[in-house]
Structure formats: structure tokens, C-alpha cells
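Residues per chain, in single letters:
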Amino acid sequence: GAGDDTRAWGPPFLQRPDGSRTGESGYYLICNRGKRSVTINLKSPRGQALVRQMAREADVVLENFKVGTLDKLGLGYEQLRAENPGLIYCSITGFGQTGPRATQPAYDFMIQAMSGMMSITGEADDRGGEPMKIGVPMVDLITGLYAATAILAALARRSQTGEGEHIDMAMLDVGVTLLANQAMNYFLTGKVPPRRGNRHPNIQPQDVYRCADGDIILVVGNDGQFRKLCEALGHPEWANDERFATNAQRVRNVETLSAMLREDFARRDRATLLEQLDRAGVPCGPINNVAEVFEEPQTLARDMLRYVDHPCGARVPQVASPMRFTEGELPEMVAPPLLGQHSDEILEELGYDSAAVQALRAAGVI
């Protein structure tokens, strides 16, 4: 009767207009808009029959139970596929359906550590740093995106072959792919990448720099942008210095270059410098806190903060989808559901009348 674990991952929790607390945490509210909630007892044979009935008409089934759990309940891929050969069945687990850890549970923090991501995140050892996780559950989020992409690929294949698919999506696999250029740096050199704080391992200058009244980030991506930076700072000679003329040389001499930039920036007003660099075409920006993000003119212009009406009577703020379409529109946002909010509605769509739904509820099936 508790539902998704994330409902209780708080505080904070949503409050009703009268100030009383609902059972929905902020964590749950950001992950579950646009969904409908039906409660089904999966250990009940009648409950299992309900799931099979829904799966017969479904395009996609997404599950993240421990490996083997749904097979024991008669709801695994092969069992549902027998009733719906075109079904796309996506299993998301910590470690995948195979391998020595397949049956073990996992969380984002654990996978960030095991995948190597934490070993390259945080300040360097010589600055007193330690391995650090990313400030949002990045592996959880990217695993969802990979799963969505894989599902779309399977649906495209089904349109050609008529065949369904079982997608085996593992969080650790995703975490390993996120090593990206750091993995290739290791493959090419045999050297384990260290933590470098905000400093990029392959492109310079890219780091956080302190002005007289605050920090900025500088993201120079090529030699042309470096030349523009030097001209904007009033030091065009730096671009012709053999130590800095190419990106490879700037990476090799990054300590010297960074010291020069830090000395120069420390005397400058942040807003003025950002304006000068923007005008010169040098990628840079302020370091916004979360409140500043939703006051940023660009964020406001893109309508990234929206509100939806919640069944408890509250207006719930939501971060909008980043997807924008020229020929279509995203559906209207629907608030994250209360536990079992749509049980009656969904079962009626399956052909159950009110008396049958109440009988299922009385029997503990829903």
C-alpha cells in the first residue's frame, strides 16, 4: 500500500493549500507527471491476470524489478510475449540480466562509484579533493533516456518485422558509457585519468575563474576562440606565444596559462567581463544557483518553469520538457498521480463495470 519508494524520499513534501502535508515528496513529483496510477497486487493470481490483460493491448512494458522476480509471478518477457508477440518489454536493473551481480540491487550513487564516474569528479588530490558524485542522479536520468531510445528503436524494428523485443538495460553499462572521452584517454595512454576539478582534460582554457566580485566559467573550444579571448583581454600577444598557439600546447602548459588568466581576471568586474567576452564571441557564463536558473532570462524565454493542478488542490511547479517541435505540440502537463488514483478508470477501460471493480478491491486484488 505504499507505492513507489520515491513517494517517501523527502522532505520536502507537497503541502495542501491548508498547509497539511500530502504523501508526495519533491523527488516523486519531479519524476512522475503525466502518468496514471493503478494499484495491483502482483502476488494475487487475479492481479497477475489483470497485468496480462493490460499487456495484451500494450505496445511497451517497462519494469525495474530484480532479475527473475516477474518470471516467478508469470509476468516475465517470455510469458507476456506468448500472449502479445509484438510486445516491447524493457527491463531496467542495476547490473543487467546476466553477469555475477545480476541479482543484486543498485542505486545511482552506488553506480556512479562503480562505473568510475566518481574517480574523475571532484577536486584534484593535491587540492585536498576526494571522489565526488554528481549533484543529480545522473545515471538514473541517462538510463531512462537510453531506455527510451532503445524502445523507439525496437518499435521501429517492429514496424518492419512485426517482432517484439526484450531490452536489457543496465545502469552500470550506462555509467561506463558516460566515461566518454575519459575512457578513451585511458585506452590511448594507459594512464588512469585523475580528478581535475573543473579543468577539462583535453581542451584549454576551460575552467572556473574568479573575478573581483564572483566566479565565471570560460569554455574556449578552439584556437580561434582563444585568439578572440586574448584580444578581448587586451593581450593579443598571448595567442602568438608558442606555449599557447594551439590547443595541444595550451593543454601541456595549462598551469602557466591558468595562472596568467587568474591574475588578469582577479582585477576585473564579472558583469563587465562577461559582456566583453560575449561580444567577442568567447563562450563563457556565470555560475547560477538553482534560484538564479529560474530567473535567467533565457530560461524564462523558453518557458521552462510551468505549473500543474494537483488533485490535493495545490499548484505544483514543474520543470518543462526540453523538447520543442515545429509541427507538433507536447501534450498538456498532468500532475503526478496519487497512489491508485486511476485504478477505477483504467479497469473500466479494460471492460470492468463498477461492481466488478469494487469486488476486486474488496478481495485485495487492487
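Here the residue numbers are simple positions, counted from 1 along each chain's written sequence. In view of the model being predicted, local features appear only for residues whose pLDDT reaches at least 70, and side-chain atom pairs are presented and counted only at 80 or more, with totals across whole chains, interfaces and linings using the full set of residues. With hydrogens and water excluded, all non-hydrogen atoms of the structure serve as input to the side-chain values.

Participant: Where do I start with the overall build of the protein in this structure?
Facilitator: The number of helices and strands found in the protein is 17 helices and 10 strands. The reference for a compact globule is 2.2 Å times residues^0.38; the radius of gyration itself is calculated from the C-alpha atoms. Its C-alpha atoms give the protein a radius of gyration of 26 Å, clearly above 21 Å, the size a compact globule of 366 residues would have. Note on exposure labels: buried denotes an accessible area under 20% of the residue type's maximum, exposed denotes more than 50%, and partly exposed covers the range between, all computed with a 1.4 Å probe on protein chains only. Classification of the 366 residues of the protein by burial places 35% in the buried group. Here, two residues are considered to be in contact whenever any of their heavy atoms come within 4.5 Å of each other. Here the contacts in the protein between residues at least 6 apart in sequence split such that 60% fall between residues at least 24 apart. By definition, any uninterrupted DSSP run of H or I lasting at least four residues is a helix, any uninterrupted run of E lasting at least two residues is a strand, and each is numbered from the N terminus.

Participant: It is not clear to me how the sheet that holds strand β5 (residues 165-170) should be interpreted in this structure. Could you clarify?
Facilitator: Two modes of strand pairing occur in sheets, parallel and antiparallel, and in both the strands are linked by backbone hydrogen bonds. At least two bridges found by DSSP between two strands is the condition for calling them paired. Read from one edge to the other, the open sheet built from three strands follows the order β3-β4-β5, with strand pairing classed as parallel. Among the strands making up the open sheet, the edge pair consists of β3 (60-63) and β5. The average angle at which neighbouring strand axes cross in this sheet is 15°, direction not considered. Examined bridge by bridge, strand β4 (residues 88-93) and β5 share six bridges and lie parallel to one another. In the sheet register, Thr-93 faces β5, and the bridge partner there is Ala-170. Only the contacting stretch of a helix is used when fitting its axis, a line to C-alpha atoms as for every element, and angles between N-to-C directions run 0 to 180 degrees. Running over the sheet, helix α6 (residues 138-161) touches β3, β4 and β5 and is turned about 165° from β5.

Participant: Looking at this structure, how should I read the side chain of Ser-37?
Facilitator: Take Ser-37: it is sitting in the loop between α1 (26-31) and α2 (45-56). The exposure class assigned to Ser-37 is buried, which follows from its relative accessible area of 10%. Any pair of N or O atoms that falls within 3.5 Å is considered a polar contact. Within protein, one atom must be able to donate a hydrogen and the other to accept it, and sequence-neighbouring residues count only if both atoms are side-chain atoms. Of the polar contacts made by the side chain of Ser-37, one reaches the backbone oxygen of Leu-338; its length is 3.5 Å. If we skip the residues at most four places from it in the chain, Ser-37 touches Arg-7, Pro-337, Leu-338, Leu-339, Gly-340, Gln-341, His-342 and Ser-343.

Interpretation in functional terms is not warranted from these geometric data alone.
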